[in-house]
Amino acid sequence: MDVFAAGTDTTSTNLEWAISELLRHPYAMKKLQQEAREIGQGRTMITEDDLDRMPYLRAILKETLRLHPPFPLLVPHESTHDVKLLGYDIAAGTQVMINAWAIGRDSSTWIEPNEFQPERFLNSPISYQGFHFELIPFGAGRRGCPAILFSMVINELVLANLVYKFDLALANGECLDMSETTGLTAHKKYPILVVATPCFDL
Ligand code: HEM
């Protein structure tokens, strides 16, 4: 149940947002395709062993999680003891909601917070493992997501192979609406319709 409830929606939502952002930013799509095609070098597939040499791919998924965390409010937590935080008294037993969506777009932390700029993560130590509180799409601490590596390797592999083998474009007449749904998971309100043209040079 945990795998189905926590693992399916989140992973596919992240991928759909990443593809949408790439369609909106052709320079990033091109740069990612270049990275994938240099690494793939005509082989049938990009494999897990290749991923460590694909920093731009990783930066794209990180930037997507910053702007579109699949669980915008993480999951509810409860303080176990009395805490004083930024002048506020939070009593033990208080339910705490953490707005990861707002943290990812906070202008006191991020330059041009609403812009999709994967480059910001290229030479940055910020990871999403829960050590850098400015980026916590998987939560942090002992109740943080146990499947960070698993889900990101899946998404890196899928996205790398998609752009390696296909040129992606919006279907004719489609417009890219980036509205979000409300709910525990923040999906795209309107699904994207993408035409994938095989790259026959490979
Ligand atoms: C992009 C993909 C994913 C995102 C963004 C994500 C995000 C999260 C978040 C925000 C939490 C709550 C953390 C907290 O409260 O601090 C969580 C918990 C959890 N996630 Fe994930 N998750 C993803 C993929 C997965 C996958 C693929 C699985 C399983 C195969 C999974 C299994 C779980 C489980 C079991 C918990 C509960 C952990 C606990 O309560 O101790 N997640 N995840």
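Just so it is clear, the structure is predicted and the values come from calculations on it, not from any experiment.

**Structural notes on the packing of aromatic side chains**
At step 1: Following the criterion strictly, the structure yields 2 aromatic pairs and no others.
At step 2: Here tryptophan 110 and phenylalanine 121 contribute two aromatic rings whose centre-to-centre distance is 5.7 Å and whose plane-to-plane angle is 65°, an arrangement assigned as edge-to-face. Highlighted residues: tryptophan 110 in the loop between α4 (100-104) and α5 (148-165) and phenylalanine 121 in the loop between α4 and α5, separated in sequence by 11 residues.
At step 3: Taking the relative accessible area as the measure of exposure, tryptophan 110 reaches 6% and is therefore buried.
At step 4: With a centroid separation of 5.4 Å and 70° between ring planes, the pair formed by tyrosine 128 and phenylalanine 138 is classed as edge-to-face. Pair noted here: tyrosine 128 is in the loop between α4 and α5 and phenylalanine 138 is in the loop between α4 and α5, with a separation of 10 residues, a long-range link.
At step 5: Assessed through its relative accessible area of 6%, tyrosine 128 is described here as buried.
At step 6: Accessibility expressed as a relative area gives 13% for phenylalanine 138, which makes it buried.
At step 7: The ring of tyrosine 128 has lysine 62 sitting right over it, with the charged end atom 5.8 Å from the ring centre.
At step 8: The ring of tryptophan 110 has arginine 66 sitting right over it, with the charged end atom 5.2 Å from the ring centre.

**Examining a nonpolar patch on the surface**
At step 1: On the surface, Val83, Leu85, Leu86 and Tyr88 cluster together to form a nonpolar patch covering roughly 480 Å² of accessible area.
At step 2: Relative to the helices and strands, valine 83 resides in strand β2 (residues 83-85).
At step 3: Under the relative-accessibility criterion, valine 83 is labelled partly exposed at 35%.

**Details of the pattern of salt bridges**
At step 1: As enumerated under the stated definition, the model contains 10 salt bridges in all.
At step 2: Measuring nitrogen to oxygen at the nearest pair gives 2.7 Å for the salt bridge that ties glutamate 63 to arginine 66. Of the two residues, glutamate 63 and arginine 66 are both situated in helix α3 (residues 55-67); the distance of 3 residues between them amounts to about one turn of the helix. Each member of the pair glutamate 63 and arginine 66 is classed as buried.
At step 3: Each member of the salt-bridge network shares a partner with another, and the members are Arg43, Asp50 and Arg53.

**So, the site of the ligand**
At step 1: The local shell around the ligand holds 22 residues, among which Val75, His77, Pro137, Arg143 and Cys145 are the closest.
At step 2: One of the side-chain nitrogen or oxygen atoms of histidine 77 is found 2.6 Å away from an oxygen atom of the ligand.
At step 3: At 2.7 Å, a side-chain N or O of arginine 143 approaches an oxygen atom of the ligand.
At step 4: Counting only elements with at least two residues in the shell around the ligand, the list comes to α1 (2-24) and α5.
At step 5: Counting residues per element, the shell around the ligand draws most heavily on α1, at 6 residues.

Reading the values: rules and limits
- In this convention, every chain numbers its residues from 1, walking through the sequence in written order.
- It should be noted that, the model being predicted, local features are given only for residues of pLDDT at least 70 and side-chain atom pairs only at 80 or more, the latter also being counted only at that level, while totals for whole chains, interfaces and linings use all residues.
- Side-chain metrics rest on all non-hydrogen atoms present in the structure, leaving aside hydrogens and water.
- Here a Phe, Tyr or Trp ring, Trp counted by its six-membered ring, pairs with any other such ring whose centre lies within 6.5 Å, and the pair is stacked when the planes are under 30 degrees apart, edge-to-face when over 60, and tilted otherwise.
- Helix and strand labels come from DSSP, where a helix needs a run of H or I of at least four residues and a strand needs a run of E of at least two; each type is numbered from the N terminus.
- Type-normalised accessible area, obtained with a 1.4 Å probe on protein chains alone, sets the label of each residue: buried when under 20%, exposed when over 50%, and partly exposed for intermediate values.
- Cation placement over rings: the criterion is NZ of Lys or CZ of Arg within 6 Å of the ring centroid and within 35° of the ring normal.
- Patches in this entry comprise residues that are over 30% relatively accessible and not in a salt bridge; like charges within 9 Å are linked, as are nonpolar side chains (Val, Leu, Ile, Met, Phe, Trp, Tyr) within 5 Å.
- With residues, only the protein chains shown are counted as cover, and all accessible areas are computed by Shrake-Rupley using a 1.4 Å probe.
- Any Lys or Arg side-chain nitrogen located within 4 Å of an Asp or Glu carboxyl oxygen qualifies as a salt bridge.
- It suffices for a single heavy atom of a residue to lie within 4 Å of a molecule or strand for the residue to be listed as near it.
- Here a polar contact is recorded for every N or O atom pair within 3.5 Å, except that within protein the pair must consist of a potential hydrogen donor and a potential acceptor, and residues adjacent in sequence are included only if both atoms are side-chain atoms.

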